[in-house]
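# Breakdown of the fold
Listed below are the residues making up each chain.
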Amino acid sequence: MPDHDVIVIGAGWAGLSAAVRLTEQGHRPVLLDAAPQPGGRARGLTIELAGLRCQVDNGQHLIIGAYTETLALIARVAAPSGPAIRRAAMRLDAVDGMRIHPSSAPPPFDLRGGLLRAQGLSGRERWALTRALAGLRWHGWHVPARQTVAEWLVEFRQPSSLVDRFWLPLCIATMNTPPEAACAQTFANVLRDSLGASAEACEFVLPTRTLDEVLPQPACDWLLARGATLMLRQTVRALRRDPASGLWHLEREPAADAAQAAAHIAANTAAGGGLRARHVILALPPANALRVLSAGGHGEPAQRIARLGEFDHEPIVTVYMAWPADVRLPAWIMLSEQPATRYFGQWLFDRGEQQAMRIGAVVVSARGRAWLAQDDAEERVLTIARQVSTQLELPMPLDARAIVDKRATFRCTPDRPRLHVDALAGALPGLWLAGDHLWPDYPATLEAAVRSGRLAASVCAAALRRHASLRDDQRSTAEPVDGPR
Ligand SMILES: Cc1cc2nc3c(=O)[nH]c(=O)nc-3n(C[C@H](O)[C@H](O)[C@H](O)COP(=O)(O)OP(=O)(O)OC[C@H]3O[C@@H](n4cnc5c(N)ncnc54)[C@H](O)[C@@H]3O)c2cc1C
């Protein structure tokens, strides 16, 4: 079994962030993933629309200016031609006529001016909106413990029209959890770092190509060029620690077809079997981390490990649609969700032109369960197509296809577990956790994933340094000393 200083399990955005940070600190991590491509829940995908192959993502992702660590990571690993993203001024345009655009005043008055001058909202609604944000700021962005977003909205006397048209879509878009269940403190944190900060923090950062080309592919190229090892199609079945040597043993599923690991990634893939490492960063979704650790049969910290099983999840559905190329779509627009008519679409994004077709992506988050509950799979896609064509006065699309992620994000409730990257390190030395569920300040987002990975790597690197200096000390005391005895 080869020995490694550190292995990162999971090449989603958390694992990639951890591997990049470790490499920056002078290590050569091994990064492995069960999938044939890196990126996890934020990756590119090929689908067929109107019989033609189109490059899309496994779900429409929105990055905003407040994602400082994510944007720094993207810039860090970008090819010399620059990152595959573009920034656009924050604009909230809705099909019902609501328009919120920042004013030209300097920050933070750009956003406040924009909110006060929002079109399509009554004076009472605009006043209530600014009062709620001012109230949060006044209280240092703190809300009572265990409060839900719905309770917070009642406390701040937000008119129901404003709740339906502004707060509900914003809560669902940022937390993928409906207001009646969503954690008000996490929502306040999101507002603090976006609407409460500046128009720049709220800027939309849109991929110019697929998500693969935004981070997973450039990060893997960057890592491989610096001596890291990337192993794809490597499912870790169990993780055990040998108390005598202190080494972690990774048991892998037999490698099914390692040679076929995504052709576009030059992975130096190894065969299945065992691997050993002094330190492990486990960057898996909570249920997968729980499975791998439970199979390792750890006695004492079992209760702490079990907490990983306490997360509940929400689906996200993305419906990709294709129109003839001459159809014009807004860059993005908020749709009007009407559950009574099964119009569950919340946002439409223009995905540009491909195969001489105009591609759009409609997002159904938090309502994914209701959408999935409809019996007829074809009819539920058609209903979203009808919603878009009715609300935007467009022709029906040539074709539409839904991508469903049943466990897209954790349900961001006030009583979800609050775990940190070192949640298990005390009981299981050398084991660090990473993933979007390990940044308790934020909902399940790319930024939470990237931050958790970076922090896990920093504490792991500090432990590696301590280990190295201990080894040096032991070596120097064991060496024979010249001179009189
Ligand atoms: C459809 C959709 C839309 C979203 N929209 C947004 C958005 O607009 N903005 C935003 O910020 N966030 C969004 N998110 C959330 C965001 O994608 C996630 O928060 C983020 O990708 C999580 O990254 P992660 O690295 O923590 O986990 P993951 O991406 O889940 O990575 C975990 C990795 O571990 C691997 N793995 C699992 N088990 C094993 C095993 N046993 N052995 C080896 N490898 C294993 C998996 O293959 C995966 O690559 C969205 C998510 C989805 C699904």
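All figures in this text were calculated on a predicted structure; none of them were measured in a lab.

## Some words on the overall build of the protein
What the protein contains, in helices and strands, is 14 helices and 19 strands. Its C-alpha radius of gyration of 24 Å places the protein within 12% of the 23 Å reference for a compact globule of 485 residues. Here the C-alpha coordinates of the protein stretch approximately 90 × 55 × 45 Å along the principal axes. A buried classification covers 46% of the 485 residues belonging to the protein. Sequence-distant contacts, at least 24 apart, represent 71% of the contacts inside the protein between residues at least 6 apart.

## Examining helix 1 (residues 13-24)
Compared with an ideal rise of 1.5 Å per residue, which puts twelve residues at 16 Å, helix 1 spans 16 Å between its outermost C-alpha atoms and is within 8% of the ideal. For helix 1, the tally of buried residues reaches eleven of twelve residues, placing the bulk of the element in the interior. At the exit of helix 1 stands Gly-26, carrying a positive phi of roughly 95 degrees.

## Overview of the domain arrangement of the protein
Entries for the protein in the domain assignment read domain 1 (3-42 + 215-311 + 414-474), domain 2 (44-63 + 313-410) and domain 3 (90-202). Inter-centroid distance (C-alpha atoms) of domain 1 to domain 2 is 33 Å. Contacts between the two partners involve eight residues from domain 1, matched on the other side by eight residues from domain 2.

## A look at the site of the ligand
Surrounding the ligand, one finds 36 residues, the nearest of these being Gly-10, Gly-12, Gly-40, Gly-59 and Thr-445. The set of elements that each furnish at least two residues to the shell around the ligand consists of helix 1, helix 10 (286-295), strand 14 (313-324), strand 18 (399-410) and helix 14 (446-478). Shared between two domains, the shell around the ligand holds at least three residues of each, these being domain 1 (3-42 + 215-311 + 414-474) and domain 2 (44-63 + 313-410).

## Some details on unusual backbone geometry
The phi torsion at Arg-233 lies on the positive side, around 55 degrees, for a residue other than glycine. With respect to the helices and strands, Arg-233 occurs in the loop between strand 10 (229-231) and strand 11 (236-241).

## Describing helix 13 (residues 377-391)
With 15 residues, helix 13 should cover 21 Å at 1.5 Å per step; its first-to-last C-alpha distance of 22 Å lies within 8% of that length. Along helix 13, the residues that are buried comprise Arg-380, Val-381, Ile-384, Gln-387 and Val-388. Axial view of helix 13: buried residues confined to an arc of 110 degrees, hence all on one face. What points out from helix 13, more than 90 degrees from its buried face, is the exposed set Glu-378 and Glu-379. One or two residues past the end of helix 13 sits Glu-393, with phi positive at roughly 50 degrees.

Conventions used here
Residues numbered from 1 in each chain as written. Predicted model: local features only at pLDDT ≥ 70, side-chain atom pairs only at ≥ 80, totals over all residues. Helix = DSSP H or I, 4+ residues; strand = E, 2+ residues; numbered from the N terminus. Rg over C-alpha atoms; globule rule 2.2 N^0.38 Å. Buried ≥ 20, exposed ≤ 12 C-beta atoms within 10 Å, placed from the backbone. Contact = placed C-beta atoms within 7 Å. Expected span 1.5 Å × (residues − 1). Domains from an automatic or database assignment. Near = placed C-beta within 6 Å. Arc of directions from axis to C-beta.

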